[in-house]
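Listed below are the residues making up each chain.
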Amino acid sequence: MPKPKKRSARAAGGRQKNIYPFSDDDSSLETMSQCSSFSDAASYQEDGAEVDEIAAQEDFEFKLKGLIDLTMDKSAKTRQTALEGLKNGLASKILNDFILERRLTITDSIERCLKKGKGEEQRIAAALACLLCCQLGSGNESEEVFKTLAPTLKTIVCDRSASTQARQACATYLGLCCFIAADDIEDLYGTMECLENLFTKQYRSEGGADSCSALHIQALQSWTLLLTICHTSEAKKKIDIHLPKLPRLLSCEDVNMRITAGETLAVLFEIAREADADFYYEDIEPLTQTLKALATDCNKHRAKVDRRKQRSVFRDVLRAVEDGDFQAETIRFGRERMHIDCWVKRLTYDVFKELFGSGMQFHLLTNGFLRSIFELGPPLCLSAADIGAMKTSRVERHMNNSAAFKARTKARSKLRDKRADVGEFF
């Protein structure tokens, strides 16, 4: 009788398959406690097996060490894959001790990839720099990381020969790294000036048409984020300079630029009113007329999706500019709730959510630095079993989504009933 053939551990052709230790799915709450195969801890408990968290952590860190070594590889594709794995790993877990021991090595790897890499590699390296600062928190270590990497990030942002993708990412993460780690006021103002030099070019362009509008959008958003942590006197100066000019960006052809400019105006009005209760903007009437037109825009030459998105945002912006109102929302994560009750907090949450992706909920639960930003207090002591128990069933998620959809439909119906009152702005 012939012997059964053994299964080969290699793929066809004799080459070993590439292993990607961390994917975007691995960073979710459902795969938080991971062993060698990064399976969910709850599944082990269902099978009656005990989870050895120490062994799982050692295995996790061992794979991270391998990825750090691969960031020095000669192959650009290998470096990019290693950076992506590190990025997903840092977004999915808290690794304070591991990061502290290898802070200089990781910083050097990021700097090398930013200088040596192109396009996508630079984008991932810039995001990894932000995640490294988030892991270290606001302290001397993260400040040293920022001081090391900021000159390289600024160079890429200002380099016209670099890819737009790389410049856009560096503008985004330069501002966020500064928000997290900069302690020197000169570093803050220097970064804001670098970003101002980018988006103010849109003030001079006719109709806002520019090949680098995506770069200018990210620069404007990052600048607005940094404005929220400026001293009151400096914030007033910036508002006096930019508030008369920002309405020009509302006529840009790019819907994302119009929306970002509108949200920036809402943030500026909010900061100005908090600093001075008697704040009054002289050109408020023409500005509100423009905002009302955008909130009721029905031009057929624009895409239907863009018009819908624009109207939704500018209804909120109009209320913020006219009355100082904000439509509060609640973010649920685990057993906790976070209330977004102002434009500054919404901007901050959106920026960090873009960075962490599906790992945002986990970091809101466990990252002390991120919780301090949103004033959530110290992290709750939760085990892997507790986190696994927080998962909602498919039926519960469906019911919650149905209830939210019904509430949105009712709210929108009330607004649509009032269209006759603003018909003159069509």
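Under an unreviewed UniProt entry, the chain has the name Interferon-related developmental regulator 1 and belongs to Staurois parvus. Its UniProt record gives the chain a comment under Sequence similarities (unreviewed entry), which states: "Belongs to the IFRD family."

Attention now moves to the overall build of the chain. Helix and strand content of the chain: 20 helices and two strands. Out of the 426 residues belonging to the chain, those deemed buried represent 46%. Long-range contacts, defined as pairs at least 24 residues apart, comprise 67% of the intrachain contacts of the chain with a sequence gap of at least 6. When the accessible area of the chain is evaluated, it comes to approximately 23,000 Å², of which 48% is carbon and sulfur surface.

Grouped together as the largest cluster of nonpolar side chains are 113 residues, with contacts concentrated most on I110, L176, M338, F352, F356 and L364. Among residues more than four places away in sequence, those in contact with L364 are F333, M338, Y349, L370, R371, F374 and L376.

Closest axis-to-axis distance for the helix α6 (residues 120-136)/helix α8 (residues 164-181) pair is 8 Å, and the angle between their directions is 10 degrees. The angle between α6 and α8 places the two elements in the roughly parallel class. In contact with E120, Q122, R123, A126, A127, A129, C130, C133 and C134 of α6, α8 contributes Q165, A166, A169, C170, Y173, L176, C177, I180 and A181. Here the contact of α6 with α8 is built from residues that sort into 14 nonpolar, two polar and two charged.

Looking now at the pattern of salt bridges. Scanning the model with the defined rule gives 13 salt bridges in all. With a shortest N-O distance of 4.0 Å, D59 and K63 are connected by a salt bridge. Here K63 and D59 lie together in helix α2 (residues 53-70), a separation of four residues that amounts to about one turn. Overall, the relative accessible area of 24% leaves K63 in the partly exposed class. Between D316 and R319 there is a salt bridge whose closest N-O contact spans 2.3 Å. A residue pair is termed a helical-turn pair when its members lie 3 or 4 positions apart in one helix, as D316 and R319 do in helix α15 (residues 304-323) at three residues.

A few words on helix α16 (residues 343-356). Taking 1.5 Å of rise per residue, the 14 residues of α16 would be expected to cover 20 Å, and the 20 Å separating its terminal C-alpha atoms lies within 8% of that figure. Counting buried residues along α16, 10 of its 14 residues qualify, which places the element largely inside the surrounding structure. Two residues or fewer after α16 comes G357, characterised by a positive phi angle close to 65 degrees.

On to the side chain of R258, then. You can see R258 is positioned in helix α13 (residues 255-275). Here the side chain of R258 touches E253 through a polar contact of 3.1 Å, landing on its backbone oxygen. Not counting chain neighbours up to four residues away, the residues in contact with R258 comprise L249, L250, C252, E253, L294, R302, Q310 and F314.

As a further point, take the side chain of H363. Position of H363 among the secondary structure elements: in helix α17 (residues 360-366). Engagement of the side chain of H363 in a polar contact is seen with the backbone oxygen of L90, the distance being 3.3 Å. With near-sequence residues (within four places) excluded, H363 lies in contact with L90, A91, S92, K93, I94, Q135, F356, L370 and R371.

The subject of this paragraph is the packing of helix α3 (residues 76-92) against α6. Interaxial distance between α3 and α6 falls to 9 Å at its minimum, and their mutual angle equals 30 degrees. The angle between α3 and α6 places the two elements in the roughly parallel class. Every pair of crossing elements has a handedness; the one defined by α3 and α6 is left-handed. Contact residues: α3 offers A76, R79, Q80, L83, E84, L86, K87, L90 and A91, while α6 offers E120, E121, R123, I124, A125, A127, L128, L131, L132 and Q135. Split by residue class, the contact of α3 with α6 holds 11 nonpolar, two polar and six charged.

We now examine the packing of aromatic side chains. Applying the stated criterion to the full structure yields eight aromatic pairs. Ring centres 6.3 Å apart and planes at 70 degrees place the aromatic pair Y349 and F374 in the edge-to-face group. A residue pair is termed long-range when its members are at least 10 positions apart, and Y349 in helix α16 and F374 in the loop between α18 (368-373) and α19 (384-389) qualify at 25 residues. Considering the side-chain rings of F352 and F356, the 6.4 Å spacing of their centres and the 15 degrees angle between planes classify their relative orientation as stacked.

Within the secondary structure, L174 sits in helix α8. As a C-alpha pair, L174 and F146 span 28 residues in sequence and 8.6 Å in three-dimensional space. Excluding its chain neighbours within four sequence positions, the residues that come into contact with L174 are F146, A150, L153, K154, T191 and C194.

We now examine the pairing of strand β1 (residues 329-333). Relative to strand β2 (residues 336-340), β1 runs antiparallel, the two sharing five bridges. By the bridge assignment, F333 is partnered in β2 with E336. Taken together, β1 and the strand that follows it, β2, pair antiparallel across an intervening segment of two residues, in which G334 is found at a positive phi of about 60 degrees.

The next subject is unusual backbone geometry. Notably, E375 is not glycine yet its phi reads approximately 55 degrees, a positive angle. Along the polypeptide, E375 turns up in the loop between α18 and α19.

Here we come to the environment of V267. With respect to the secondary-structure elements, V267 resides in helix α13. With 75 residues separating them in the primary sequence, V267 and C342 have C-alpha atoms 8.6 Å apart. Excluding anything up to four places from it in sequence, V267 contacts T224, T228, W343 and V344.

On to α3. Each α-helix turn comprises 3.6 residues. Residues three or four places apart therefore point the same way. Its 17 residues give α3 an end-to-end C-alpha distance of 24 Å, which sits within 8% of 24 Å, the value for a rise of 1.5 Å per residue. When α3 is considered as a whole, its buried residues turn out to be R79, A82, L83, G85, L86, K87, N88, G89, L90, A91 and S92.

Calculation rules
- Residues numbered from 1 in each chain as written.
- Predicted model: local features only at pLDDT ≥ 70, side-chain atom pairs only at ≥ 80, totals over all residues.
- Heavy atoms only, no water.
- UniProt positions renumbered as here; feature names shortened; annotations may be inferred.
- Helix = DSSP H or I, 4+ residues; strand = E, 2+ residues; numbered from the N terminus.
- Buried < 20%, exposed > 50% of the residue type's maximum accessible area, 1.4 Å probe, protein only.
- Contact = heavy atoms within 4.5 Å.
- Areas by Shrake-Rupley, 256 points an atom, 1.4 Å probe, with all protein chains shown as cover.
- Core = buried A, V, L, I, M, F, W, Y, C linked by side-chain atoms within 4.5 Å.
- Axes fitted to C-alpha atoms, helices over the stretch in contact; angles between N-to-C directions.
- Parallel < 35°, antiparallel > 145°, perpendicular 65-115°, else oblique.
- Nonpolar A, V, L, I, M, F, W, Y, C, P; charged D, E, K, R; others polar.
- Salt bridge = Lys/Arg side-chain N within 4 Å of Asp/Glu carboxyl O.
- Expected span 1.5 Å × (residues − 1).
- Polar contact = N/O pair within 3.5 Å; in protein donor to acceptor, adjacent residues only side chain to side chain.
- Left-handed = near helix turned anticlockwise from the far one by under 90°.
- Phe/Tyr/Trp six-rings, centres within 6.5 Å; stacked < 30°, edge-to-face > 60°.
- Pairing = 2+ DSSP bridges.

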